[in-house]
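# An overview of the molecular structure
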Amino acid sequence: RLFAQPLPFTLLEEEIPLANLTDPRHFQRYNYMRPEPGAVKDAPIIPDPRRHLYFKSAFVMNHAHGKWTHAQQQIQRLVPAARVARQLIADKTMVGLHIRNVFDAPRDSRTFSSTTGNEAIAAAEKEYGRKGTSKLLAWRKAAHWSNFVP
C-alpha cells in the first residue's frame, strides 16, 4: 500500500480486470481515459448506493463533489505509508512538477508516429477546439525539457 490507513475513501491500488466488472446490477463503470475503448471523458457520475462504482481517470469526476477544490482536500489528507515515506526524498517544502508536452496521441494508426503531427493536431482540435489546441501546444512547447536543460 502507498498510503497510511485509514483513508477517508476506498482506494484500490491495482487495476481490476474489466471482465470482473461486467454485471451492471452490481457495478457502475466510468472510464475517462481516452483513447481506451468505451471511454467517455466527463460522463456525468450519478452514484447508485446499491452498486459498486468503478472510476478510472486522470481527471476530476463530473459530479456534485467533482470540483478540484474537493479533490485537493482529499489528496492533502493522504499520508504515505511508512515504507513509502522512508524512500521519499521530497518533503512539503519542495514543489513537484509533472510536464506533459504531447497531445493525447497516439489515438489511431494515423497518429501513432507523431504526437504533434497534423493528424494529432486535428484530433486535438476536435476535442479542445482550434484556440484551445493552439494554446495547449504553445504551453507544451514552452514546457519542453530542452528549455530547462542546457
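This is a predicted model, so every value here is computed, not measured. Here the residue index of a chain counts from 1 through its sequence in written order. Residues qualify for local features only when their pLDDT is at least 70, as the model is predicted, and side-chain atom pairs are given and counted only at 80 or more; totals for whole chains, interfaces and linings, by contrast, use all residues. Side-chain measures were taken over the full set of non-hydrogen atoms in the model, leaving aside hydrogen atoms and water.

Below, the discussion takes up the overall build of the chain. Helices and strands together make up the secondary structure of the chain, namely 3 helices and 2 strands. Mapped from its N terminus to its C terminus, the chain presents α and β elements in the order β-β-α-α-α. Accessibility here uses a 1.4 Å probe with only protein chains present; expressed as a share of the type maximum, an area under 20% marks a residue as buried, one over 50% as exposed, and anything in between as partly exposed. A buried classification covers 19% of the 150 residues belonging to the chain. We call two residues in contact whenever any of their non-hydrogen atoms come within 4.5 Å of each other. By sequence separation, contacts in the chain at least 24 residues apart represent 48% of the contacts at least 6 residues apart. By element, 59% of the accessible surface of the chain is carried by carbon and sulfur atoms, the whole surface being about 11700 Å². Under the scheme used here, helices are H or I runs from DSSP no shorter than 4 residues and strands are E runs no shorter than 2 residues, and both carry numbers assigned from the N terminus. Each accessible area value is a Shrake-Rupley result obtained with a 1.4 Å probe; residue values ignore everything except the protein chains displayed when judging cover.

Attention now moves to unusual backbone geometry. Residue Pro-6 is bonded to the preceding Gln-5 through a cis peptide linkage, with omega at -5°. The residue Pro-6 is located in the segment before β1 (27–31) in this model. Look at Asp-42: it is not a glycine, yet its phi comes out positive at around 70°. Structurally, the position occupied by Asp-42 is in the loop between β1 and β2 (52–56).

Once that is clear, we can look at helix α3 (residues 118–142). One less than the number of residues in a helix, times 1.5 Å, gives the span that helix is expected to have. Taking 1.5 Å per residue, 25 residues should reach 36 Å; α3 reaches only 19 Å between its end C-alpha atoms and comes up short. Residues Ala-120, Ile-121, Ala-123, Ala-124, Thr-133, Leu-137 and Arg-140 constitute the buried set of α3.

Turning to the packing of aromatic side chains, a few remarks are in order. Between rings of Phe, Tyr and Trp, where Trp is taken as its six-membered ring, a pair exists when centres lie within 6.5 Å; planes separated by under 30 degrees are stacked, by over 60 edge-to-face, and by other angles tilted. As enumerated under the stated definition, the model contains 1 aromatic pair in all. Only when the NZ atom of a Lys or the CZ atom of an Arg is both within 6 Å of the ring centre and within 35 degrees of the ring normal do we say a charge sits over the ring. Here the basic side chain of Lys-41 rests over the ring of Phe-59, its NZ or CZ set 4.5 Å away from the ring centre.

Another point: the side chain of Gln-74. The residue Gln-74 is located in helix α1 (residues 68–76) in this model. By relative accessible area, which is 18% here, Gln-74 ends up buried. Those residues in contact with Gln-74 that sit more than four places away from it in its chain are Pro-8 and Phe-9.

A word on the pattern of salt bridges. Every case where a carboxyl oxygen of Asp or Glu lies within 4 Å of a side-chain nitrogen of Lys or Arg is listed as a salt bridge. Scanning all chains against the criterion turns up 5 salt bridges. Among the salt bridges present, the one from Asp-42 reaches Lys-41, with a minimum N-O distance of 3.0 Å. We note a salt bridge from Arg-50 to Asp-48, for which the minimum N-O separation is 3.1 Å. For Arg-50, a relative accessible area of 72% translates into the label exposed. By relative accessible area, which is 14% here, Asp-48 ends up buried.

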